[in-house]
Amino acid sequence: MTTTEEAGRLRRREFLGLVGKRGIQAGLVGASLPAFLSACSKEDPVVALKKSPASTQGSPIVGDVVDHALTSKEWEGAFGLVTFRLHRGVVEGKDVFFIRTDASDEAYAKAEKLVWVPKLSGLASRGPAGDAYLVTGGTADQAVVLSSEPGRTDFTPAWRINRVSWQAEPRPLRSVAEVKAAETKGDVSVERTSIVMNGPVVKWSTGELPVDTERKVYLGGGQLLEPPDATAMRVMFKLHECFPGVRYIVTDVSLKPMSEGMKIAHSAALNGASGARATGRTNVFMNGMKGSGPMGFQPSVFDTSAGSPAWSPYWDHVTWAWNAGRTAKILRDEGSVLAAEQAGDLKKFPGTPDTKGEIFVVNCPVPVLAPNTV
């Protein structure tokens with residue numbers, strides 16, 4: 001085995017071994033995975049992807065993007081960068097910091113320069129959503145009042161927008177309880193909307209998303225390239241390539257063992273997004289053509305194009321493996337993935353092989369559109 005082949009398989013094992021001992025303790029099936037990988041490795045296609053000249057530009061579709069690059073010579077990893085403007089929130093008197101990417105309401109999304117995602121509207125009534133209180137006419141230091149943060153069982157990056165207006169002398173509001181108390185007294189009026197915003201939290205009262213200092217592989221030490229800067233109000237993420245024609249980031253996941261391995265925020269409440277019909281599907285490859293995907297092979301395939309009415313940043317995670325004896329090729333859309341399954345070329349694993357049929361939800365917002373490079 002060449003060094004390149006060995007490195008690729010280590011990356012694959014790194015992702016699929018995310019649950020590791022934690023996954024076994026959580027009741028997931030990890031014992032069968034080594035045998036599966038061993039069987040696949042005997043006839044895995046190991047043809048490297050041939051890349052076309054990479055575009056140096058992309059088209060941001062989120063207004064809070066302040067900088068981006070599709071690739072960088074500053075690190076070995078096959079990913080770019082995207083820097084977002086941070087927003088300050090407050091949860092029970094403690095500061096948190098978040099980014100904004102998507103919204104369910106077309107007018108709100110247009111006004112705030114976010115991606116319009118109609119699917120998110122189901123989270124306001126049928127699915128899990130936290131509450132975000134936007135205070136107008138408040139004091140200069142007033143932050144967005146949020147109902148939760150990472151580390152709590154009710155945390156979700158999906159926020160129902162509530163508009164708060166002062167009817168009395170403004171004062172800082174530092175918790176949902178204070179907002180409701182002020183409303184009861186008649187000091188503020190609260191307009192409770194059905195708008196849902198995707199607002200991943202990157203820094204909270206007890207921690208923050210970790211930084212990958214080595215910058216060599218998709219997962220590595222985390223999805224941030226620099227620590228969140230609460231002074232300059234900026235945060236820099238890894239920017240990953242995906243079909244069709246998008247660059248995305250990874251912020252939250254519904255399954256706790258995966259959040260620990262991927263080093264992103266755990267949002268158990270995202271499990272309800274599928275039932276609310278607020279999710280799409282991401283197709284991840286665990287063997288086949290080598291490339292920049294999560295497991296070291298071809299880029300993942302989203303089920304729809306970002307910005308289309310059927311699109312969502314919340315993805316039901318599905319893993320695919322090329323069957324022994326089949327010739328791998330690049331699959332660029334979900335129709336091709338499903339056709340390959342029908343032909344007997346691919347085997348489907350809801351979630352990953354370790355999760356034994358359990359699909360989990362990953363929050364993968366798309367801030368930049370760009371042509372695919374393979």
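Residues numbered from 1 in each chain as written. Predicted model: local features only at pLDDT ≥ 70, side-chain atom pairs only at ≥ 80, totals over all residues. Heavy atoms only, no water.

> Where do I start with the overall build of the protein chain in this structure?
Of regular secondary structure, the protein chain possesses 9 helices and 23 strands. In the protein chain, buried positions account for 55% of the 374 residues. Excluding contacts between residues fewer than 6 apart, the proportion of contacts in the protein chain whose partners are at least 24 apart in sequence is 69%. For the protein chain, the accessible area works out to roughly 15,400 Å², and carbon and sulfur atoms hold 51% of it. (Helix = DSSP H or I, 4+ residues; strand = E, 2+ residues; numbered from the N terminus. Buried < 20%, exposed > 50% of the residue type's maximum accessible area, 1.4 Å probe, protein only. Contact = heavy atoms within 4.5 Å. Areas by Shrake-Rupley, 256 points an atom, 1.4 Å probe, with all protein chains shown as cover.)

> Even after reading the chapter, I still don't get unusual backbone geometry, so can you show me in this structure?
The omega angle of the peptide bond from F243 to P244 is -5°, so this bond is cis rather than trans. Among the structural elements, P244 can be located in the loop between β14 (234-242) and β15 (246-248). Unusually for a residue other than glycine, R215 sits at a positive phi of about 60°. Summarising the element assignment, R215 is placed in the loop between β13 (207-208) and β14. Overall, R215 belongs to the buried group, its relative accessible area being 18%.

> Would you explain the sheet that holds strand β10 (residues 158-166) in this entry?
One key point about sheets: their strands pair by backbone hydrogen bonds, in either a parallel or an antiparallel sense. In space, the 10 strands of this open sheet follow the order β7-β6-β11-β10-β8-β9-β4-β5-β12-β13, with mixed pairing throughout. Pairing within the sheet leaves two strands with one partner each, and these edge strands are β7 (115-116) and β13. Both strand β4 (residues 87-91) and strand β5 (residues 94-98) contribute to a ladder of 5 bridges, which runs antiparallel. Looking at β5, one finds that V90 is bridged to D95. Running at roughly 140° to strand β11 (residues 188-198), helix α6 (residues 176-185) makes contact with β8 (130-136), β9 (144-146), β10 and β11 of the sheet. (Pairing = 2+ DSSP bridges. Axes fitted to C-alpha atoms, helices over the stretch in contact; angles between N-to-C directions.)

> Got a minute to help me understand the pattern of salt bridges in this structure?
When charged atoms on two side chains of opposite charge get close, those side chains can pair. Here the structure, examined in full by the defined rule, presents 17 salt bridges. E92 serves as the salt-bridge partner of R152, at 3.3 Å between the closest nitrogen and oxygen. Taken together, the residues R152 in the loop between β9 and β10 and E92 in the loop between β4 and β5 connect sequence positions 60 residues apart. On the basis of relative accessibility, which here comes to 56%, the residue E92 falls in the exposed class. One salt bridge in this structure joins R163 and E191, with 3.6 Å as the shortest N-O distance. With R163 in strand β10 and E191 in strand β11, this pair connects stretches of sequence that are 28 residues apart. The class for R163 is partly exposed, based on a relative accessible area of 30%. Several salt bridges share partner residues, and in doing so they unite D64, R85, R100 and E112 into one network. (Salt bridge = Lys/Arg side-chain N within 4 Å of Asp/Glu carboxyl O.)

> Please explain the packing of aromatic side chains as it appears in this structure.
The geometry of an aromatic ring pair comes down to the distance between the two centres and the angle between the two planes. According to the stated counting rule, one finds 6 aromatic pairs in the structure shown. Measuring from ring centre to ring centre gives 6.2 Å for F155 and W159, while their planes differ by 65°; the resulting arrangement is edge-to-face. Feature note: the residues Y248, F302, W311 and W315 constitute an aromatic cluster, connected by ring pairs. Here the guanidinium or amino end of K347 rests over the ring plane of F349, the centre of that ring lying 5.4 Å away. (Phe/Tyr/Trp six-rings, centres within 6.5 Å; stacked < 30°, edge-to-face > 60°. Lys NZ or Arg CZ within 6 Å of the ring centre and 35° of its normal.)

> I keep staring at the state of the cysteines and nothing clicks. Help me out?
Every disulfide links exactly two cysteines, by a covalent bond between their sulfur atoms. Following the criterion strictly, the structure yields 0 disulfides and no others. Free cysteine: C242, not disulfide-bonded; nearest cysteine sulfur from C364 at 8.1 Å. For C242, a relative accessible area of 0% puts it in the buried group. On the accessibility criterion, C364 (6% relative accessible area) is buried. (Disulfide = S-S within 2.5 Å.)

> What's the story with the side chain of S148 in this structure? I'm lost.
Along the chain, S148 falls in the loop between β9 and β10. A relative accessible area of 1% places S148 in the buried class. For S148, the side chain forms a polar contact with the side chain of R152, separated by 3.3 Å. Among the polar contacts made by the side chain of S148, one reaches the side chain of D154 at a distance of 2.6 Å. Those residues in contact with S148, other than ones at most four positions away along the chain, are V91, D154, F155 and W159. (Polar contact = N/O pair within 3.5 Å; in protein donor to acceptor, adjacent residues only side chain to side chain.)

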